[in-house]
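Residue-level structure breakdown
What follows is the residue order along each chain.
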Amino acid sequence: RISDGVKSIEADGDISRRIHLEGNDELTTLSRDINKMLDRLETSDLRIRCEALKYRTVIEDQTEYICRFGKDGILTFVNEAYHRFFSYNRKVMIGRHFLSFVPDQDRQRIHALLDTLTIDSPTSTYELRVQFPDGKEFWQHWTCRAIYDEVGGLLEYQAVGRDISDRKRVEDELTTLNRRLEEANSQLGQAYV
């Protein structure tokens, strides 16, 4: 009965089930020990689920875009902010390439950057343009982290980004203003010569 009980718990993964034997022999003691172990596993499982829910809530409430993607670049996770920005259903986003909104000429630079990540230097930051099918263009700042297994094999990437379009616009305006001021200064200097 003990073996059958353990096999059925293993088969359905229900660690709330217990093995019931009556008596005071060694097998009954073994079944009680198994039940105590299951009690501890159930408590640990509940604690882990609660922690996972807390972290999930933090990730979902972030205003930064958070995504995960495999070595092939295919998205495996996007948070609420990411999905809201790109205005696609989450189920449509999962399975899509993470650079699908990046202009072709910028994609190679990002791939080359990802190739530089190592266990000793697993993160990198970059800025990129995002272009929607309707032609709207945005700028984003991303921090990408390569995630490795215990033997150093690349598992996946996690990226956290934010919109920097306003900053880029102001930088462009300042550059234009500086160029005009330099031209005006040059013309003024020539007028006094």
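Description of the structure in this document. Since the model is a prediction, treat every value here as computed from it, not as a measurement. (Residues numbered from 1 in each chain as written. Predicted model: local features only at pLDDT ≥ 70, side-chain atom pairs only at ≥ 80, totals over all residues. Heavy atoms only, no water.)

Along the chain, the position of S165 falls in helix α6 (residues 165-191). Excluding residues that lie within four positions of it along the chain, S165 makes contacts with F138 and W139. (Helix = DSSP H or I, 4+ residues; strand = E, 2+ residues; numbered from the N terminus. Contact = heavy atoms within 4.5 Å.)

Here we take up the environment of N79. Its location among the elements puts N79 in the loop between β2 (75-78) and α3 (80-86). Using a relative accessible area of 0% as the deciding quantity, one classes N79 as buried. Along the primary structure N79 and V170 are separated by 91 residues, whereas in three dimensions their C-alpha atoms are 28 Å apart. Among all residues touching N79, those that are not within four sequence positions of it are I59, E60, Q62, E64, Y65, I66 and R90. Within the local environment of N79, its side chain forms a polar contact with the backbone oxygen of E64, the two atoms lying 3.1 Å apart. (Buried < 20%, exposed > 50% of the residue type's maximum accessible area, 1.4 Å probe, protein only. Polar contact = N/O pair within 3.5 Å; in protein donor to acceptor, adjacent residues only side chain to side chain.)

Before going further, it helps to spend a moment on a nonpolar patch on the surface. On the surface, a nonpolar cluster with roughly 350 Å² of combined accessible area is contributed by V170, L174, L177 and L181. One can find V170 in helix α6. On the basis of relative accessible area, V170 is assigned to the partly exposed category, the value being 37%. (Patch = residues over 30% accessible without salt bridge, like charges linked within 9 Å, V, L, I, M, F, W, Y side chains within 5 Å. Areas by Shrake-Rupley, 256 points an atom, 1.4 Å probe, with all protein chains shown as cover. Salt bridge = Lys/Arg side-chain N within 4 Å of Asp/Glu carboxyl O.)

So, on to helix α5 (residues 104-115). When the terminal C-alpha atoms of α5 are compared, their 18 Å separation across 12 residues agrees well with the 16 Å that a helix rising 1.5 Å per residue should span. All of the buried residues in α5 are D106, I110, L113 and L114. Summarising the axial view, the buried residues of α5 lie within an arc of 100°, below the 170-degree limit, and thus occupy one face. The exposed set on the far side of α5, more than 90 degrees from its buried face, consists of D104, Q105, Q108 and D115. (Expected span 1.5 Å × (residues − 1). Arc of directions from axis to C-beta.)

Our focus in this paragraph is the packing of aromatic side chains. Tallied over the entire structure, the rule returns 13 aromatic pairs. Site record: aromatic cluster; members linked through ring pairs are Y65, Y82, F85, F86, F101, F132, F138 and W142. (Phe/Tyr/Trp six-rings, centres within 6.5 Å; stacked < 30°, edge-to-face > 60°.)

The next point concerns the pairing of β2. Sheet topology note: the strand β1 (residues 65-69)/β2 ladder contains three bridges and is antiparallel. Note that in β2 the partner of R68 across the bridge is F77. Hairpin connection from β1 to β2: five residues lie between these consecutive antiparallel strands, with G73 at a positive phi of about 85°. (Pairing = 2+ DSSP bridges.)

Topologically, V6 is positioned in helix α1 (residues 2-12). Classification of V6 by relative accessible area gives partly exposed; the value is 36%. Considering only alpha carbons, one finds V6 and N185, 179 residues apart in sequence, at a separation of 86 Å. With residues near it in sequence (within four places) discarded, V6 still touches I19 and I34.

Another point: the state of the cysteines. According to the stated counting rule, one finds zero disulfides in the structure shown. For the unlinked cysteine C144, the closest cysteine sulfur is that of C67, found at 7.5 Å. (Disulfide = S-S within 2.5 Å.)

This part takes up the nonpolar core. One finds F69 and Y82 to be the most contacted residues of the largest nonpolar core, which totals 28 residues. Of all the elements in the fold, those that place two or more residues in this core are β1, β2, α3, α5, β3 (123-131), β4 (137-148) and β5 (154-163). Those residues within four positions of F69 in sequence are excluded, and the remaining contacts are I74, L75, T76, F98, L114, C144, E156, Y157 and A159. Among the nonpolar cores identified, the runner-up in size contains six residues, and I2, I19, L21 and I34 belong to it. (Core = buried A, V, L, I, M, F, W, Y, C linked by side-chain atoms within 4.5 Å.)

With that settled, consider the sheet that holds β5. If you walk across this open sheet you meet the five strands as β2-β1-β5-β4-β3, and the pairing is antiparallel. Edge positions in the sheet fall to β2 and β3, since each of these pairs with one other strand and no more. If you compare each strand with its neighbour and ignore which way they point, the axes differ by 25° on average. The strands touched by α5 are β1, β3, β4 and β5; relative to β3, the strand with the most contacts, the crossing angle is about 165°. (Axes fitted to C-alpha atoms, helices over the stretch in contact; angles between N-to-C directions.)

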